[in-house]
Structure formats: structure tokens, C-alpha cells
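Geometric and topological summary
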Amino acid sequence: MQATPETVIYDRVALIGLGLIASSMSHAIRRGGLAREIAGYARSPETREVAREIGLCDRVCESAAEAAEGADLIVLCVPVGAMGPVAAEIAPVLKPGATVSDVGSVKRAVIDAVGPHLPAGVHFVPAHPLAGTEYSGPRSGFATLFDNRWCILVPGDADPAAVAKLRALWEGMGSNVDTMDADHHDLVLAVVSHTPHLIAYTMVGVADHLRRVSNSEVIKYSASGFRDFTRIAASDPTMWRDVFLTNKDATLDILGRFTEELFVLQRAIRMGDGDLLHDYFTRTRAIRRGIIEAGQDTAAPDFGRAPVKV
Ligand code: NAP
């Protein structure tokens with residue numbers, strides 16, 4: 001959609017990092033005509049070249065500072081471990097009144113890494129869209145990624161007007177928006193995302209190490225449940241390394257609880273306690289039904305693309 005005075009929320013948006021989330025933001029911002037200009041930067045020349053080739057941004061810049069200079073909203077879309085150095089690089093060029101945000105999957109570590117670099121007069125409103133696929137890179141984004149998905153803002157004591165503006169942007173990109181405290185965000189995400197990813201990585205690792213079942217059998221019969229683990233375990237290794245390194249306490253807490261529950265089920269299987277297993281699975285089934293009723297069950301559209309990591 002053409003950006004008009006009625007649709008524009010920020011004049012100039014800068015996206016730092018041009019992977020799945022940033023490229024989806026660019027498409028979604030354009031779909032809603034939510035900005036007059038989108039500038040973008042990625043660290044590798046190859047990614048910048050692809051971004052130019054597909055017209056992902058109005059301007060693809062040669063440095064993060066060049067993209068951030070004069071922008072009204074700067075969104076850090078790099079792995080969590082890279083947020084601090086990027087913030088340090090852009091800090092000197094940020095204009096007073098600009099808003100800095102991010103899309104990192106962990107919030108406390110990003111706030112600690114980014115906050116100290118930002119000058120007075122710049123608003124910092126961390127965010128996390130709960131939407132994604134296992135694909136990466138500038139070609140993997142699509143305009144509908146955030147539709148009907150939650151985006152959690154972690155505003156702390158940020159200026160309410162800056163928070164309202166960022167909320168409007170995410171709503172314009174199709175999201176439902178909630179606000180949360182950083183530590184609570186990290187605990188909730190450890191339950192619904194981080195620990196499940198770790199379990200998926202582990203299960204795929206188990207299959208890989210098991211010599212009595214061949215890899216070709218694993219692939220052939222994967223529809224029996226394993227396939228969903230492999231999809232999750234195909235997610236970007238850098239992103240997930242950073243998630244576990246920076247959301248350590250909450251992930252270890254949930255992992256400990258998971259292990260305890262696993263022992264309960266393991267014992268029930270060993271002892272032939274069918275009632276316990278049946279009751280347990282009945283309770284978990286209700287959670288699944290709740291997710292479907294909340295409309296959070298639709299998978300990302302399949303574009304028939306090969307995973308692209310440029
Ligand atoms: P992605 O597709 O892998 O893209 C990452 C981007 O960050 C690329 O442009 C990459 O540059 C750049 N980058 C990587 N390491 C960097 C470093 N050390 N310094 C500077 N730039 C670096 O990743 P993504 O899925 O969009 O994830 C971006 C952020 O969104 C992460 O913080 C992640 O936690 C969060 N997030 C991801 C999902 C998801 O499901 N994927 C969902 C919600 C939030 P090059 O291309 O030049 O290598």
C-alpha cells in the first residue's frame with residue numbers, strides 16, 4: 001500500500017540485520033504503508049546484495065550507523081548476542097526523540113546489553129514478535145508472518161507516547177500486542193519456546209546417534225511425530241545458541257521441571273501405571289485444544305522454498 005499521511009506511523013524506519021524477521025517487517029510495513037522510507041543494513045556484503053536485488057528496502061546501507069542516522073525508529077534484528085555491539089555502533093548518530101527497539105527472543109539480556117549505550121532523549125522500547133519459521137535470511141520474509149500473532153512489548157519506564165507508537169506499528173503489521181516485564185517474558189518464553197526447542201534439538205540428536213535405526217528409516221517414517229521435531233531443530237543455530245546463553249536461568253529452571261516430569265512418566269511406563277499415563281495425556285490434550293481455540297495453531301505458509309541462508 002502507498003504510504004499516506006493516514007497510514008504512516010514513522011517517517012523513517014531503519015532495520016539493522018536483514019534476516020527472516022527484518023525482511024518480514026519490511027514486507028508488512030509496506031503492506032500497511034506504515035513508513036515513508038525503510039533503510040536496511042546487514043553485516044555481510046552478500047546479504048546486502050540480495051536485499052538490493054529483491055528491493056527489500058528503499059535504501060540498503062553500508063553500515064548500521066548510516067542506516068540509523070536520521071531514522072525515527074531503529075529496530076535491531078540481529079541475534080541476541082550481537083545487539084550490544086550494534087547499539088554501541090549506532091548510538092552516536094541517533095537523533096533526539098528517535099525510538100530504538102529490537103526483536104530479540106530474550107529480553108533481559110538485550111535490555112542490559114543495549115540500554116547503557118543509548119543517549120538521553122532516545123526512547124528504548126524492546127519488543128519480541130512471537131512469530132517465526134525455521135528459515136533465515138533476507139529472502140525468507142513474508143508480509144503475513146505477524147498476522148494474528150502476539151508481539152510482546154517490554155516498555156519498562158519508557159515514554160508512553162513512544163510505546164503507543166510502536167504498538168501501533170506492530171498492530172499495523174497484523175500483530176496482537178501485549179506488554180510484559182522482561183523477567184516474566186523470559187520465563188514465559190522458556191516454557192513456550194526455548195525449552196521445547198532444546199528438547200527438539202535433543203530428540204533429533206538422539207535419532208542421529210542411535211545406530212540400531214538407520215538415518216534412512218528415520219527419514220522414511222518421520223511422519224510419526226519426529227517430523228515436527230526436525231522442523232523445529234532446523235532453526236538457525238546462531239540465534240538459538242544466543243537464546244540459551246542469554247536466557248540461561250529460566251531455561252535451566254524449566255528444563256529441571258521437564259526432567260522431573262519425564263522421570264514420573266518413565267516410572268509409570270516401567271510400573272505399567274496406565275491410569276497415570278491416561279490422566280496425564282488427558283490434561284495435556286486440553287492444553288492443545290486451548291491453543292486451537294485461541295487461533296494460534298496455524299503453521300507458517302509453505303512457500304515451497306528451500307531454506308535460504310545467504
Ligand atoms: P536471521 O534470518 O538469521 O538474520 C539475522 C541477521 O542478523 C542477518 O542479517 C545477519 O547478517 C545478522 N547478524 C548475524 N550475526 C550478526 C552479528 N554478529 N553482528 C551483526 N549482524 C549479525 O535471523 P532472524 O530469524 O531474523 O532473527 C533475528 C532476531 O529475531 C534474533 O534476535 C532472534 O532471536 C529474533 N527472533 C527470531 C524469530 C525466528 O523464529 N526466527 C522469532 C522471533 C524473534 P548476515 O546475513 O550478513 O549474516
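Numbering of residues starts from 1 in each chain and follows the order in which that chain's sequence is written. Given that the model is predicted, a residue must reach a pLDDT of at least 70 before its local features are reported, and side-chain atom pairs must reach 80 or more before they are shown or counted; all residues, however, enter totals for whole chains, interfaces and linings. Each side-chain value is derived from all of the structure's non-hydrogen atoms; neither hydrogens nor water enter the calculation.

Right, let's talk about the nonpolar core for a bit. Side chains of a nonpolar character, in soluble globular proteins, are inclined to be buried together. Residues belong to one nonpolar core when they are buried, are Ala, Val, Leu, Ile, Met, Phe, Trp, Tyr or Cys, and are joined through side-chain atoms within 4.5 Å. Note on exposure labels: buried denotes an accessible area under 20% of the residue type's maximum, exposed denotes more than 50%, and partly exposed covers the range between, all computed with a 1.4 Å probe on protein chains only. Core analysis: the largest hydrophobic core is formed by 39 residues, its most contacted members being Leu15, Met25, Phe146, Leu166, Leu169, Trp170 and Met173. Secondary structure elements with two or more residues in this core: strand E1 (10-16), helix H1 (20-32), strand E2 (35-41), strand E4 (73-76), strand E8 (150-153) and helix H6 (160-172). By residue number, the principal contributor to this core is H1, which donates 6 residues. By the convention used here, residues are in contact when the closest approach between their heavy atoms is within 4.5 Å. Beyond its immediate stretch of four places on either side in the chain, Leu166 contacts Tyr10, Leu73, Ser101, Val125, Ala127 and Leu153. Ala68, Val110, Leu118 and Phe244 belong to the second-largest nonpolar core, a separate cluster that totals 29 residues. Put simply, DSSP H or I for four residues or longer makes a helix, DSSP E for two residues or longer makes a strand, and each gets a number counted from the N terminus.

What follows covers the site of the ligand. Around the ligand sit 28 residues in total, of which Leu20, Ser44, Thr47, Val78 and Ser105 are the nearest. Polar contact is defined as a pair of N or O atoms within 3.5 Å, subject to the rule that within protein one atom must be able to donate a hydrogen and the other to accept it, and that residues adjacent in sequence are counted only when both atoms are side-chain atoms. Interatomic distance of 2.7 Å between a side-chain N/O atom of Ser44 and an oxygen atom of the ligand. Thr47 is positioned such that a nitrogen or oxygen atom in its side chain is 2.6 Å from an oxygen atom of the ligand. For accessible areas, the Shrake-Rupley method is used with a probe of radius 1.4 Å. Any residue's cover is judged against the shown protein chains and nothing else. Here the ligand, which alone exposes 900 Å², has 87% of that area covered by the protein. Going through the elements one at a time, H1 and strand E7 (127-129) are the ones with two or more residues in the shell around the ligand. All residues other than Ala, Val, Leu, Ile, Met, Phe, Trp, Tyr, Cys, Pro, Asp, Glu, Lys and Arg, Gly among them, are scored as polar; the first ten of these are nonpolar and the last four charged. A class-by-class count of the residues in the shell around the ligand yields 14 nonpolar, 11 polar and 3 charged. What makes a residue near a molecule or strand is one non-hydrogen atom of that residue sitting within 4 Å of it.

On to the domain arrangement of the chain. Each domain's extent is set by a domain assignment, obtained either automatically or from a database. One can read the domain layout of the chain as domain 1 (10-180) and domain 2 (184-293). Computed over C-alpha atoms only, the centres of domain 1 and domain 2 are separated by 30 Å. Taken together, the contact pairs 15 residues of domain 1 with 16 residues of domain 2. Throughout, the accessible surface (probe 1.4 Å) given up by two parts as they are put together, summed over both, is called the buried area. The contact between domain 1 and domain 2 buries some 1200 Å² in all, and 68% of this surface belongs to carbon and sulfur atoms. Each salt bridge in this description consists of a side-chain nitrogen of Lys or Arg and a carboxyl oxygen of Asp or Glu lying within 4 Å of one another. At the junction of domain 1 with domain 2, the criterion picks out 0 salt bridges. The tally of links from domain 1 across to domain 2 stands at 5 residue pairs in polar contact (both at pLDDT 80 or more).

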